[in-house]
There are 4 protein chains.
Amino acid sequence: MAPHPVVEYTSEASWAMIEDKLSHYAKETLAKVVKFLEDEILPAAKVAHAQLPDDPVKRWQTVIPVVTELKAKAKKLGLWNLFLSKAHYPEFGVPLTNLEYGVIAEVLGHAGPIGPESMNCSAPDTGNMEVLARYGSPEQQKKWLIPLLNGEIRSAFSMTEKHVASSDAKNIRTSIRQEGNEIVINGHKWWISGAGDPRTKLHLVLGKSDPNNKNEYNQQSIVIVPADAPGVKIIRPMKVFGYDDAPEGHCEIIYDNVRVPLSNLVLGWGKGFEIIQGRLGPGRIHHCMRSIGAAQASLNLMLQRVTDPTRKTFGKYLYEHGTVVADIAKSRADIEGARLLVLSAALQIDKYKAKGAMKEIGIAKFVVPSMALTVIDRAMQSFGAAGLSQDTELAARWAGLRTLRLADGPDAVHIQQVGQRELKRAPGLVKKAQELKRKEEAVFAKYGLKAHL
Amino acid sequence: MAPHPVVEYTSEASWAMIEDKLSHYAKETLAKVVKFLEDEILPAAKVAHAQLPDDPVKRWQTVIPVVTELKAKAKKLGLWNLFLSKAHYPEFGVPLTNLEYGVIAEVLGHAGPIGPESMNCSAPDTGNMEVLARYGSPEQQKKWLIPLLNGEIRSAFSMTEKHVASSDAKNIRTSIRQEGNEIVINGHKWWISGAGDPRTKLHLVLGKSDPNNKNEYNQQSIVIVPADAPGVKIIRPMKVFGYDDAPEGHCEIIYDNVRVPLSNLVLGWGKGFEIIQGRLGPGRIHHCMRSIGAAQASLNLMLQRVTDPTRKTFGKYLYEHGTVVADIAKSRADIEGARLLVLSAALQIDKYKAKGAMKEIGIAKFVVPSMALTVIDRAMQSFGAAGLSQDTELAARWAGLRTLRLADGPDAVHIQQVGQRELKRAPGLVKKAQELKRKEEAVFAKYGLKAHL
Amino acid sequence: MAPHPVVEYTSEASWAMIEDKLSHYAKETLAKVVKFLEDEILPAAKVAHAQLPDDPVKRWQTVIPVVTELKAKAKKLGLWNLFLSKAHYPEFGVPLTNLEYGVIAEVLGHAGPIGPESMNCSAPDTGNMEVLARYGSPEQQKKWLIPLLNGEIRSAFSMTEKHVASSDAKNIRTSIRQEGNEIVINGHKWWISGAGDPRTKLHLVLGKSDPNNKNEYNQQSIVIVPADAPGVKIIRPMKVFGYDDAPEGHCEIIYDNVRVPLSNLVLGWGKGFEIIQGRLGPGRIHHCMRSIGAAQASLNLMLQRVTDPTRKTFGKYLYEHGTVVADIAKSRADIEGARLLVLSAALQIDKYKAKGAMKEIGIAKFVVPSMALTVIDRAMQSFGAAGLSQDTELAARWAGLRTLRLADGPDAVHIQQVGQRELKRAPGLVKKAQELKRKEEAVFAKYGLKAHL
Amino acid sequence: MAPHPVVEYTSEASWAMIEDKLSHYAKETLAKVVKFLEDEILPAAKVAHAQLPDDPVKRWQTVIPVVTELKAKAKKLGLWNLFLSKAHYPEFGVPLTNLEYGVIAEVLGHAGPIGPESMNCSAPDTGNMEVLARYGSPEQQKKWLIPLLNGEIRSAFSMTEKHVASSDAKNIRTSIRQEGNEIVINGHKWWISGAGDPRTKLHLVLGKSDPNNKNEYNQQSIVIVPADAPGVKIIRPMKVFGYDDAPEGHCEIIYDNVRVPLSNLVLGWGKGFEIIQGRLGPGRIHHCMRSIGAAQASLNLMLQRVTDPTRKTFGKYLYEHGTVVADIAKSRADIEGARLLVLSAALQIDKYKAKGAMKEIGIAKFVVPSMALTVIDRAMQSFGAAGLSQDTELAARWAGLRTLRLADGPDAVHIQQVGQRELKRAPGLVKKAQELKRKEEAVFAKYGLKAHL
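Residues numbered from 1 in each chain as written. Chains lettered and ligands numbered in written order. Predicted model: local features only at pLDDT ≥ 70, side-chain atom pairs only at ≥ 80, totals over all residues.

Caption draft 1: Examining the overall build of chain A more closely. For chain A, the helix and strand inventory stands at 13 helices and seven strands. Against the 2.2 N^0.38 benchmark of 22 Å for 453 residues, chain A shows a C-alpha radius of gyration of 25 Å, consistent with a compact globule. Along the longest, intermediate and shortest principal axes, the C-alpha atoms of chain A span 85 × 65 × 45 Å. When the 453 residues of chain A are sorted by exposure, 57% land in the buried category. Put simply, of all contacts in chain A between residues at least 6 apart along the chain, 72% involve residues at least 24 apart. (Helix = DSSP H or I, 4+ residues; strand = E, 2+ residues; numbered from the N terminus. Rg over C-alpha atoms; globule rule 2.2 N^0.38 Å. Buried ≥ 20, exposed ≤ 12 C-beta atoms within 10 Å, placed from the backbone. Contact = placed C-beta atoms within 7 Å.)

Caption draft 2: Fine view of the interface of chain B and chain A. At the junction of the two partners, chain B supplies 61 residues and chain A supplies 61 residues. Only α1 (12-18), α2 (24-50), α3 (65-77), α8 (272-306), α9 (324-352), α10 (358-382), α12 (411-423) and α13 (426-446) of chain B provide two or more residues apiece to the side of chain B that touches chain A. The element that contributes the greatest number of residues to the side of chain B that touches chain A is α9(B), accounting for 16 residues.

Caption draft 3: Broad picture of the nonpolar core. Among the nonpolar cores identified, the biggest contains 568 residues, and A:Val342, B:Val342, C:Val342 and D:Val342 are the most heavily contacted of them. Excluding residues that lie within four positions of it along the chain, D:Val342 makes contacts with D:Gly102, D:Ile285, D:Cys288, D:Met289, D:Ile292, D:Ala364 and D:Val368. (Core = buried A, V, L, I, M, F, W, Y, C linked by C-beta atoms within 7 Å.)

Caption draft 4: Seen up close, the pairing of strand β4 (residues 200-208) of chain D. Residue and element names in this part refer to chain D. Across the nine residues of β4, eight count as buried, placing the element largely inside the fold. As judged from the five bridges shared by strand β1 (residues 154-158) and β4, these two strands associate in the parallel manner. When the sheet's bridge partners are listed, phenylalanine 157 is paired in β4 with leucine 204. In this sheet, strand β5 (residues 220-226) lies alongside β4 in antiparallel orientation, the contact comprising seven bridges. What sits directly across from leucine 206, in β5, is isoleucine 222. (Pairing = 2+ DSSP bridges.)

Caption draft 5: Molecular detail of the relation of the copies chain B and chain A. Expressed as a screw transformation, the operator carrying chain B onto chain A has a rotation angle of 180 degrees and an axial translation of 0.0 Å, and the superposed copies differ by an RMSD of 0.1 Å. The operation mapping one copy onto its partner corresponds to a two-fold rotation axis. Residue B:Gly337 of chain B places its C-alpha closer to the rotation axis than any other residue of that unit, at 2.5 Å. Counting the interface residues of chain B, we find that 100% of their copies in chain A are interface residues as well, pointing to one common contact surface. (Least-squares fit on C-alpha atoms with pLDDT ≥ 70 in both.)

Caption draft 6: View of the relation of the copies chain A and chain C. Superposition record for chain A on chain C: RMSD 0.1 Å, screw rotation 180 degrees, translation along axis 0.0 Å. A shared binding surface is used by both copies, with 100% of the interface residues of chain A retained as interface residues in chain C.

Caption draft 7: Summary view of helix α3 (residues 65-77) of chain C. Its 13 residues give α3(C) an end-to-end C-alpha distance of 19 Å, which sits within 8% of 18 Å, the value for a rise of 1.5 Å per residue. Along α3(C), the residues that are buried comprise C:Val66, C:Val67, C:Leu70, C:Lys71 and C:Ala74. Projected down its long axis, α3(C) shows its buried positions confined to an angular sector of 140 degrees, all on one face. Across α3(C) from its buried face, at more than 90 degrees, point the exposed residues C:Ala72 and C:Lys76. On the buried face of α3(C), the contacting elements are α2 (24-50) and α5 (114-118) of chain C together with α13 (426-446) of chain D. Downstream of α3(C) by one or two residues, C:Gly78 has phi in the positive range, about 80 degrees. (Expected span 1.5 Å × (residues − 1). Arc of directions from axis to C-beta.)

Caption draft 8: Broad picture of the domain arrangement of chain A. Residue and element names in this part refer to chain A. Domain boundaries in chain A define domain 1 (5-149), domain 2 (154-266) and domain 3 (274-426). Summarising the inter-unit geometry, the C-alpha centres of domain 1 and domain 2 are found 25 Å apart. Contact residues are listed per partner, giving 19 residues for domain 1 and 17 residues for domain 2. Secondary structure elements with two or more residues in the side of domain 1 that touches domain 2: α6 (125-135) and α7 (138-149). Looking at the side of domain 1 that touches domain 2, the element that brings in the most residues is α6, giving five residues. Residue composition of the side of domain 1 that touches domain 2, by class: nine nonpolar, seven polar and three charged. (Domains from an automatic or database assignment. Nonpolar A, V, L, I, M, F, W, Y, C, P; charged D, E, K, R; others polar.)

Caption draft 9: Quick peek at the UniProt feature "domain: Acyl-CoA oxidase/dehydrogenase middle" (unreviewed entry) in chain A. UniProt's feature table lists "domain: Acyl-CoA oxidase/dehydrogenase middle" (unreviewed entry) at residues 156-258 of chain A, given in the numbering used throughout. For residues 156-258 of chain A, the helix share is 0%, the strand share is 50%, and the end-to-end C-alpha distance is 16 Å. (UniProt positions renumbered as here; feature names shortened; annotations may be inferred.)

Caption draft 10: Structural detail: the confidence of the model for chain A. Chain-level statistics for chain A give a pLDDT mean of 95 and a share of 99% at 70 or above. Scored by ipTM, the complex comes to 0.96, with pTM at 0.97. (pLDDT = per-residue confidence, 0-100.)

Caption draft 11: Looking closely at the interface of chain A and chain C. Taken together, the contact between chain A and chain C spans 39 residues of the former and 40 residues of the latter. Those elements giving two or more residues to the side of chain A that touches chain C turn out to be α11 (394-404) and α12 (411-423) of chain A. The leading source of residues in the side of chain A that touches chain C is α11(A), at four residues. Class assignment for the residues of the side of chain A that touches chain C results in 17 nonpolar, 14 polar and eight charged.

Caption draft 12: Highlighting unusual backbone geometry. Between D:Ala123 and D:Pro124 the backbone carries a cis peptide bond, its omega angle lying at 0 degrees. Along the chain, the position of D:Pro124 falls in the loop between α5 (114-118) and α6 (125-135). Here the residue pair D:Ala246 and D:Pro247 is connected by a cis peptide bond, since its omega of 0 degrees sits within 30 degrees of zero. Tracing the chain through its elements places D:Pro247 in the loop between β6 (232-237) and β7 (250-261). The phi dihedral of A:Asn120 is positive, around 55 degrees, even though this residue is not glycine.

Caption draft 13: Structural view of the environment of A:Gln141. Residues and elements named next belong to chain A. The residue glutamine 141 is located in helix α7 in this model. According to the C-beta neighbour criterion, glutamine 141 is partly exposed, with 18 such atoms within 10 Å. Taking C-alpha positions, glutamine 141 is 18 Å from alanine 123, a pair spaced 18 residues apart along the chain. Setting aside anything within four residues of it in sequence, one finds glutamine 141 in contact with Leu132, Gly136 and Ile146.

Caption draft 14: Structural view of the environment of C:Glu91. Residues and elements named next belong to chain C. By the secondary structure assignment, glutamate 91 is in the loop between α3 and α4 (98-108). Looking at glutamate 91, the number of C-beta atoms within 10 Å reads 8, which means it is exposed. With 101 residues separating them along the chain, glutamate 91 and isoleucine 192 place their C-alpha atoms 29 Å apart.

Caption draft 15: Fine view of the environment of C:Asn98. All names here are of chain C. Tracing the backbone through its elements, the reader meets asparagine 98 in helix α4. Counting along the chain gives 48 residues from asparagine 98 to isoleucine 146, while the straight-line C-alpha distance between them is 23 Å. Residues within four places of asparagine 98 in sequence aside, it is in contact with Pro282, Ile285, Ala346, Ile349 and Asp350.

Caption draft 16: Examining the packing of helix α4 (residues 98-108) of chain A against helix α9 (residues 324-352) of chain A more closely. Taken N-terminus to C-terminus, the directions of α4(A) and α9(A) make an angle of 145 degrees; their axes are 8 Å apart at the nearest point. Residue-level contacts link A:Asn98, A:Leu99 and A:Gly102 of α4(A) to A:Val342, A:Leu343, A:Ala346, A:Leu347, A:Ile349 and A:Asp350 of α9(A). (Axes fitted to C-alpha atoms, helices over the stretch in contact; angles between N-to-C directions.)

In structure tokens form, the structure reads like this:
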């Protein structure tokens, strides 16, 4: 029997570990995703780039035609909103586990950002649809969620602030207050991804509605702000290295006395923290799996480059020089180990929800982006200067992944949290060591020896 | 339902990945192994050390009483020869897969060398029993295999030579030639583990029987040499970082005109290479899993140390200083990823035999020992000078694991082989890239754009 | 006595090592450079950026006003062409050693590219002026060198080719042939830095003039090509991580039947290799010292960030979290060691010329860029997303330095060359070991012992 | 002119940096040290090992004959007590700076412990002689210092305690109290180097004489305890990995009501901290320079090994495989950078005393041992199993150096201190940044632009 087509994108060894955990539907869907990637997404990538104007104004007003076409095709094929799990969103979702969607995310990682977007699975829309599906009022769902699910509009999640260290969300300063039937928003945000896109119609804005509440986790609320509401001022796109990531962008925004109806409050006053907590876990796994796909795709490029006869120097293939083969072996091993780590974290989420899998998610979060950056860096090096330029995907991929060492909290935060969770194992180990000591003394005694130390 | 007791020794996330692949027998056996480890092996470790004389002669003549006792207990409990798979050795083996025995090996890695020895699962006996079970004549099996399986005797595998680079086995110089009904062996070996043990009764000696054979893989043969045959001269034990590893030891041996009956030839003339090839794969997985157990045990010690109130400095627990928490988080992540790598390699062996899992085995072989050394080194550092001494297991564990970066070929060999195997993927990728280019051009054409580059 | 102002930019420990090796003129000049950096260059950096249009066409046609102003000021102060050593270019140069100019380069590394440009010390003009000063005919010097020395025009060095692995310069394919009194050039180059600048008036083009010459180091020649010669077609700027580095740029260029007079040949037919060899050594030291300055400037930013009270999270300064202090200590140590390495390499050049200092230059070349990238990456991480954006110098600096791991040959080439040079020490060591053995045997004999082994 | 013979042991590049800072006497002495190393010390190393009995009791009662002979020769040649600087100890010392002695220490690092011992420059005697020379009473000097200076006796420094975290010296618990004309000492120490040597006649014991003193730096005192005083109980030697380092050893000792005359108090009551502070700085530099010598010697061995024709595998020299050449290049670069770091730290001590060079000493302390361990590890790997055994110096050297990551405080302590010192630069940088901002605004204004951000 021919191996499942996804094996070429993941690895035999990983596939063997998880194959029996995947549903028939998941396997069928995976096969379709692979085919769609190869037949449609990858061939469209450079066209998408060519359809984006260089002009510094027009590139923010453009809906890329080939992406629109891809979306229509994907929708028709049922490759749509696959990120949304039926388990958690029975009304809207598809019957895929986190583990199953994780493998899809890895496959999509072989493409650039148009991969997820084609299938309506791109951040920040994914998280926003989850929020609206779980916490939105029927009215909010009708107005915002349905068009998002249909891929007709896009959205932004407006949390990070310019003037505070917002990786500690308690530092958030944006003010959200009620005035009669309206909510008034004032604040200065930045790095708001997607806010530059002409299709983006709403921002979910996190701010402080009750800054003096004694419970500092009840001070925040989330409000839906229409992108075209008066007072929403997009200052500029933030660049990542030299990339502006148009048309989505990562914008600096001032909310200057923006007024929205009271019905735009999500879930209720003081529920902001609760909402963002629920938003994080699985999204991290998706990012990690896409990163692994990106690393794998980069290693694939490297393999082609170092065996390219036109790139021989001093009479030898590149792979015959120095440490190239070793770098390849290490990259393979790095990817392999990281993939299994993330898959096992996804499985833990399926078993215990994100809350029960925080250690595994945390490990994935700090291990994978660094691993992928290393693998891509080795690939770039094998391409010479071309590897740093617009002529391969490598440099843009590297820059995109570099943000993941900061997004949702810098590495250091996740490392500390994982370490602290490990430390909680200490008391149990001490108790066990004491028991062992007692048994040990009995054996010493039995042999008439004296245990010293 | 209480979690399986092995979860404490491996991790929840790893266990979830493999649980459904383990037989009922395997799970029961694993539970027994954990109990035996905690009740018998670990409490005996320091006694075993105390029962070994300091005297530089007597320590090589000693059979450690508590180990003998452990062996009797393990045999009674059926925790015996678990390494020997029924799948490959139907007559002698147990119904455990490589994956299943891998988990057992990890648990045993929490103990020192007495762990595997107690259960008659210690190298080099394991590999030798496999050789004799697969290739031994009925007479050889009766005389040598049965007592080995019974744990009555021990054995050595005599391959590495002092004067040549024997990681390339074709360099072997020991001469094996027939004289009438006898075989005469002359050679200079070293690092022959187990040869110092008073219980060791046979050496499997690899040498050249047909040095001019055009097929350089048919030049070698393996012969059984009784340890007390005239001409077997044990020169000295080789030390590893000051450790002599008595009573087993790693000996330098001269075979000086040693004569054995023709019936001591294993499998046939020129079959040496074939035999050693079959001997390697699964053994590497066992080593790797034990290394992971050793790393985990070291991290467990570190967790206890850094939370020990008597070790506070400058008013703080050790874990409150510097990079300790980060080191712990990294160790946890390192172990977790490596464990999944090795388990997936074991599963590949179960599916495709060792020959079909060479890439996965190779990755495990170069990743795991370095990982374990790093984790143990962090733990040593947390213990201060005590961590380098005889007062914790850490230093001896580190030294033992350091040899694994060389045993069965240095890291570099495995890295090169994995890299070369990866390179074989290049032509397929090139072909796929060409197909992609064609599809891409079609999309460019469709939109009236010109693909340059 | 107040310490020399440069101590703030290098380190006390490094300064103490070299102070007595610097001339009075060098020390005075260094003090002036520091003052010019602080009073003029650094305050102009953001203005220079603001004066560069966003428009994708106009940014390549712009001469940045504030840079022109800086150049005038520097020239007046005598901070001009300091890279050009009187020792090698008595007619044009200044009395600075490589060591002395190295320290100046480090100081300039605290600024972006406008630093060196202000003082007419920026690549590729520096190397080109050296070539013309050493090898140019009087006519060539009058026409091209003098305006370059005056900072009136700029230049490009056209070597790297798109379709071959040109890190092995023997692979170069551009054709240079004589037709009557003219030279005809045909070739496809890329990554030609400076070629985008409207002030650039000449390209030094390396090509093959005698491809069948048996001595493959005599096949190449270098020709001066006026930037506006018919047939010089600038295809596009190559980007580095999204940066186009306008207005200089790194251009893809086709030379399509470009014709220049015979007098534009530099030095003579077949002298191309000789010329590029002489061009490399000291330039690498300048790059390395600027990289160290860039690393130091990044660490300085990090120190400010992690002590910034507005960036506290969870009630603590950034430096109180996790591994920040350790990262700072390592960065400091990394910079310190690298700086001494490069200074000592510069001193070797001063003593033995570049040819006699190849090992030291090679070490600097592969150690420093990686070191600087690591230090800058740590600094970026401390700034959160801002560190990756246009709001600090860090991301652009990182991208610029990333190219240094490839420019003038990838790291791997330099690592191999240094390693090969080290290997040449082996025979001498073997001889010495044999002598030692003889002496050792005598001592053994004296004490009546037998040396075995 | 022939280069100075030490250039072969350090490097040309390093030598060029410091040569002009060395006195004529220092250069002459260095040449003599090199000759003594090559003619006497290195040839005696294996004999010294052979003269040490295996017997676990006798090895602690042995004075190794060849070492005694070496000492006599060195004394005659004036290569004696070179560590003791005339600058600080005018009565006893030699006219060498820290920088100068640093180079000698590097040369000695090519030998094992017999190197320094031959020239009466081995720890802990060096530090103890410094203490007695600086703080000892005339009576103490006559009784203990003179025989130490003459190399007639040896000594121990008894500080580390078993039951507390003594890297924070304030945790010390050993009690030192006056009873009439006597001092009574009670405490439990370990890792007391040299205490096993039959020639060791005194311990300098640090303990608490005034545990309730409000100034916690005045609670400690140091007392001279004769090694044969009643109540001095040597419990056992601590091993480092498997090495016991006989005959010196690192002993666990109980001081059980040991009584010494009041005149054995050093310097005065409560002066313990002051004494140990003065003892540390330069000693760390010596350790570091010896470590660099050890690393260099290991790289030298590696170079011989990888070019050894008898070690070819698969038809190639070891250096033709994989990453060997790269490892060699990196080792060379690592050593080179570290050497310059330590030399520059030594120079800072010469200029500002240890107290003014704490940052540089701290950097050396955490950088060098790790660097040397890495270099030695690469060398070990090139030797295969032999590299881990008693047949090369590598394993013992590695184990010895591993202790340096803990001795005088673990790496983490030094890293934190260096980082904290770096942080002190932040306020100055902030001030400078503010000045820059003002100047920058002026430039913006001049060009009619608005500085935002």
